[in-house]
Amino acid sequence: MKKTGSQILCECLINEGVDVMFGILGGVVIPFYDTLPQYPQLKHILVAHEQGGAHAAEGYARATGKVGVCIATSGPGATNLVTGIADAYMDSVPLVAITGQVARPLIGRDAFQEIDITGITLPITKHNYLVTDTASLATIVNEAFYLASTGRPGPVLIDIPKDVLTSTAEFNYPEKASLPGYKPTVRGHSSQISRAAKVINEAKKPLIVAGRGAIISQAYEELKQLAETAQIPVITTLLGISSFPESHILSYGWLGMHGMAYANLAVEECDLLIAVGMRFDDRVTGKISGFAPNAKIIHIDIDPAEIGKNVRVDVPIVGDIKPILKSLNKEINKTEHLEWISRMDLLRKEHPSINIRDTESIIPQYVIRQIYEITRGDSIIVTGVGQHQMWAAQHFWFDKPNSLITSGGLGTMGYGLPAAMGAKVACPEETVWCIDGDGSFQMNIQELGTIARENIAVKIAIINNGYLGMVRQWQELFYEKRYVATSLQCPDFVKVADAYNIPGITVKDKIEVIPSIKKAMETEGPFLLNFIVEPEENVYPMVPAGAALSEVLEEPLKKVRCK
Amino acid sequence: MLTAKHTLVAMVTDKPGVLNRAASLFRRRGFNIDSITVGHSELPHVSRMTIVVVGTAAMVEQVRKQLEKLVDVIKVADVTGEGTIIRELALIKVKATPSTRGEIMQIVDIFRAKIIDVSTDSLVIEATGDEDKLSSLYNMLRGFGIKELARTGCVAMVRGGAKSAPIDKESLKDIQ
Ligand SMILES: Cc1ncc(C[n+]2csc(CCOP(=O)(O)OP(=O)(O)O)c2C)c(N)n1
Ligand SMILES: [Mg+2]
């Protein structure tokens, strides 16, 4: 049967299991929106800004593992998606971004709101499409979802000219995408797996570093089994947090610029580093020449191009983490590593890293620990970018799989609120806390409108230090305290929330912290807490940019070095 | 670390924009490309690219893998080595007076090149060969005054019966 491009798009989205999309319409996508009433199973959430839509789709995708969908009109609508698409690219988030384009006869003439969005997003998408005829639309949508969700997930953009939406074509949904140039390796090479097993069985001081790949692959059980069988300490990357329960006896926190000193020091001491679904980002490795200097490296990743990109690898295994670990575990000997584990425990004892000082004023660490205590860790935590993000990652205890949603690779301020909104829409039964900075929050503050209208019960905790704190910390430590352009004059966030009919409390006294968090939890619907915290608190430990992990600063200018 | 010239052969689907995707990738990852050519292959809907890149073995392997990651790229092989034929075509417009013409023609003969256009004050020479041959021809002619040079960039093929960048049957089935 013949259908219009708009109808075809809707049917395809339904076929792909899409239940919600985040977007804003405009001239060239009206035909699509016009067909939405015919497809009530497709829920559309109108956001206030396309960037919010893209991050909401990311939050949805990261909370569920399903593909998130965002929609924008041509021109400025499309360019407003760019940050969200780039964020999804850096953090391997499955996303399909649909943009309207001017009608085909106008393309190339600088028509009103014409922008070359496929050109712009070329280096930040896994793939992208400009649809040139209605008959190819179904195939393209099918391919887009397949590409976004398989192999190493990522964003795919589909740019659809207005007249492709309004023209008709025969509609048959393709059963399976056929892409000759795209064949992700899923099963690891068995001889490589055996080589890795041999190296693990021989290691005296092995260390697992788990990244977001372990979460994407949902390899929680397999990872635990590997660690437990051979008694291997586990640390994670920032994005790997919640791939392994942090209260597990073999968990030793996370590494990198603001990771735990003991985790960073362990990297220096280990004789084998088993990298599971991570990509050796510079924030994770510190100075690359000083990274794991005494270790062999096993690197398991689904993306062959990650192997050897940043560090030398002794045993690469390309494929999906879960089945690889499953096979690997069969060849792993039961071991104890008593000496190594007690060394790790000593490192942790000597460099506790995340103790919280007893203070009279409110410090951010305390707020986050209280959110942890009151939720008993049973919450999805979504953050902005800055100091509060690091404190959230340090002081919340992540035991629940996939419970931290944070912008890692791109470090996108403004990510928190819309991503939390998307996560809550995806998981209405879960408690979702957005731990945001006063600077970050203001970058997508407009989504309070969406949250209010749709009654999305996100609990918001603003760590209000009156600064672009993370930058201020760098100015303090490396630019002799010249605080140029980092001090903020924030509006009264509770009044802002109130204007949207969202209840909120400003918390200035330490004794109010616990009751206010309880109040937010007890109140139905969204709630905003504005915590006025110590303005010049710094995040430690810290590995200065360009330094080796072993050069971690544990406290102001006290260099840690043990042995 | 040792840098060397590597020749990569890429089999790609002939979708619009595929050259742009490859070029964008090289630029953004800071890979220095000597030359890149694209044209038809023996397979319908499959184009063939030849890329010459200078770098360490590890860097070239990154280029190969990043290229292969592009959805429109089916297969990339590093064909650098003795068993590979590499050819390039050059058109050279050189100044020629009645007194120098004879000498130029001799050089052209030695290089087994061809003169394809003659005018009162110039000659256009067509030459094929590998990089070295074309460069030495160019150097020999430089003294006469080069007016224009156009080189195509390299194409490459491995000797013998095997394919340079074999595509498995599975993928071929998907090409329509
Ligand atoms: C969109 C964007 N712009 C600028 C930056 C650089 N940056 C990183 S952290 C930071 C400060 C964040 O301030 P705030 O949200 O208040 O968090 P805090 O560090 O104070 O906890 C800035 C400006 C960024 N990461 N993202
Ligand atoms: Mg701040």
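Conventions we followed
- Residues numbered from 1 in each chain as written.
- Chains lettered and ligands numbered in written order.
- Predicted model: local features only at pLDDT ≥ 70, side-chain atom pairs only at ≥ 80, totals over all residues.
- Heavy atoms only, no water.
- Contact = heavy atoms within 4.5 Å.
- Buried area = accessible area lost by both parts, 1.4 Å probe.
- Salt bridge = Lys/Arg side-chain N within 4 Å of Asp/Glu carboxyl O.
- Polar contact = N/O pair within 3.5 Å; in protein donor to acceptor, adjacent residues only side chain to side chain.
- Helix = DSSP H or I, 4+ residues; strand = E, 2+ residues; numbered from the N terminus.
- Buried < 20%, exposed > 50% of the residue type's maximum accessible area, 1.4 Å probe, protein only.
- Donors = N, O, S within 2.8 Å, 3.2 Å for Na, K, Ca; no water.
- pLDDT = per-residue confidence, 0-100.
- Pairing = 2+ DSSP bridges.
- Near = heavy atom within 4 Å.
- Areas by Shrake-Rupley, 256 points an atom, 1.4 Å probe, with all protein chains shown as cover.
- Domains from an automatic or database assignment.
- Phe/Tyr/Trp six-rings, centres within 6.5 Å; stacked < 30°, edge-to-face > 60°.
- Lys NZ or Arg CZ within 6 Å of the ring centre and 35° of its normal.
- Axes fitted to C-alpha atoms, helices over the stretch in contact; angles between N-to-C directions.

What follows is about the interface of chain B and chain A. Of the residues lining the interface, 20 residues belong to chain B; the matching set on chain A comes to 19 residues. Between chain B and chain A lies a buried interface of about 1,600 Å² when both sides are counted; carbon and sulfur atoms form 53% of it. Linking chain B with chain A are 1 salt bridge, by the criterion used here. Across the pair A:D303 and B:K69 runs a salt bridge whose closest N-O atoms are separated by 2.5 Å. The tally of links between chain B and chain A comes to 5 residue pairs in polar contact (both at pLDDT 80 or more). Elements represented by at least two residues in the side of chain B that touches chain A include exactly α1 (18-28), α2 (57-69) and β4 (73-78) of chain B.

The tally for this structure, following the rule as stated, stands at 35 salt bridges over all chains. Note that A:E222 is salt-bridged to A:K326, the shortest N-O span being 3.8 Å. A residue pair is termed long-range when its members are at least 10 positions apart, and A:E222 in helix α11 (residues 220-230) and A:K326 in helix α14 (residues 321-330) qualify at 104 residues. By relative accessible area, which is 47% here, A:K326 ends up partly exposed. B:E42 is the partner of B:K163 in a salt bridge, and the nearest nitrogen-oxygen pair spans 2.7 Å. A residue pair is termed long-range when its members are at least 10 positions apart, and B:K163 in the loop between β9 (155-158) and α5 (169-173) and B:E42 in the loop between β2 (33-40) and β3 (46-55) qualify at 121 residues. Residue class for B:E42 comes out partly exposed when judged on its relative accessible area of 49%. Salt bridges sharing partners connect three or more residues here, namely A:R152, A:D303, A:E306, A:K309 and B:K69.

All names here are of chain A. Looking at the metal site, the magnesium ion (ligand 2) is ligated by D438 (OD), N465 (OD1) and Y467 (O), spaced 2.0 to 2.1 Å from it. The sequence pattern formed by the donor residues of the magnesium ion (ligand 2) is D-x26-N-x1-Y. One end of the pair, D438, is in helix α19 (residues 438-443); the other, Y467, is in the loop between β18 (459-464) and α21 (469-478), with 29 residues separating them in the sequence. Here D438 and Y467 have matching classes, each one buried.

Take the confidence of the model for chain B next. All names here are of chain B. For chain B, per-residue confidence averages 94 on the pLDDT scale, and 98% of positions sit at 70 or higher. The element-level mean pLDDT for chain B is lowest in α5, coming to 73, with strand β7 (residues 122-129) highest at 98. The ipTM, which scores confidence in the relative placement of chains, is 0.92 for this predicted complex, and the corresponding pTM is 0.96.

Residue and element names in this part refer to chain A. Burial analysis of strand β13 (residues 296-301) places 5 of its 6 residues in the buried class, the great majority of the element. Looking at chain direction, strand β12 (residues 272-276) and β13 are connected through 5 bridges and run parallel. Bridge pairing in β13 places A275 opposite H299. Looking at chain direction, β13 and strand β14 (residues 315-318) are connected through 4 bridges and run parallel. When the bridges of β14 are listed, D301 appears paired with V318.

Moving on, we come to the site of ligand 1. All names here are of chain A. Residues in contact with ligand 1 amount to 17 residues; listed here are only the nearest, Q387, D438, S440, G469 and M470. Here M413 contributes a backbone N or O atom positioned 3.4 Å from a nitrogen atom of ligand 1. Interatomic distance of 2.7 Å between a side-chain N/O atom of D438 and an oxygen atom of ligand 1. Protein chains bury 76% of the 580 Å² of accessible surface belonging to ligand 1 in isolation. Only α17 (387-395), α19 and α21 provide two or more residues apiece to the shell around ligand 1.

All names here are of chain A. Splitting chain A by domain gives domain 1 (2-170), domain 2 (190-350) and domain 3 (364-539). Inter-centroid distance (C-alpha atoms) of domain 1 to domain 2 is 37 Å. Contacts between the two partners involve 9 residues from domain 1, matched on the other side by 7 residues from domain 2. Buried area between domain 1 and domain 2, both sides added, is near 700 Å², and the carbon and sulfur share of it is 49%. On the domain 1 side of the contact with domain 2, R62, D91 and R152 bury the most area, a combined 61% of that side's loss. Linking domain 1 with domain 2 are 2 salt bridges, by the criterion used here. Linking D303 and R152 is a salt bridge whose minimum nitrogen-to-oxygen distance equals 2.9 Å.

With that settled, the discussion passes to the packing of aromatic side chains. Geometrically, a pair of aromatic rings is defined through the distance of the ring centres and the angle of the planes. All names here are of chain A. Per the counting criterion, the structure on display carries 9 aromatic pairs over all chains. Seen in terms of ring centroids, F441 and F493 are 5.4 Å apart; in terms of plane orientation they differ by 85°. Their pairing is edge-to-face. Pair noted here: F441 is in helix α19 and F493 is in helix α22 (residues 493-499), with a separation of 52 residues, a long-range link. Both residues of the pair, F441 and F493, belong to the buried class. Taken together, Y372, F396 and F398 form an aromatic cluster joined through their ring pairs. One cation-aromatic arrangement involves R472 over Y467; the distance from NZ or CZ to the ring centre is 5.4 Å. Here the guanidinium or amino end of K510 rests over the ring plane of Y366, the centre of that ring lying 4.5 Å away.

Time to look at the sheet that holds β4(B). All names here are of chain B. Pairing within the open sheet is antiparallel, and its 4 strands lie in the order β2-β3-β1-β4. One side of each edge strand has no neighbouring strand; the edge strands of this open sheet are β2 and β4. Between one strand and the next, the sheet's axes are offset by a mean angle of 15°, whatever the strand orientation. Relative to β3, β2 runs antiparallel, the two sharing 7 bridges. In the sheet register, G39 faces β3, and the bridge partner there is R48.

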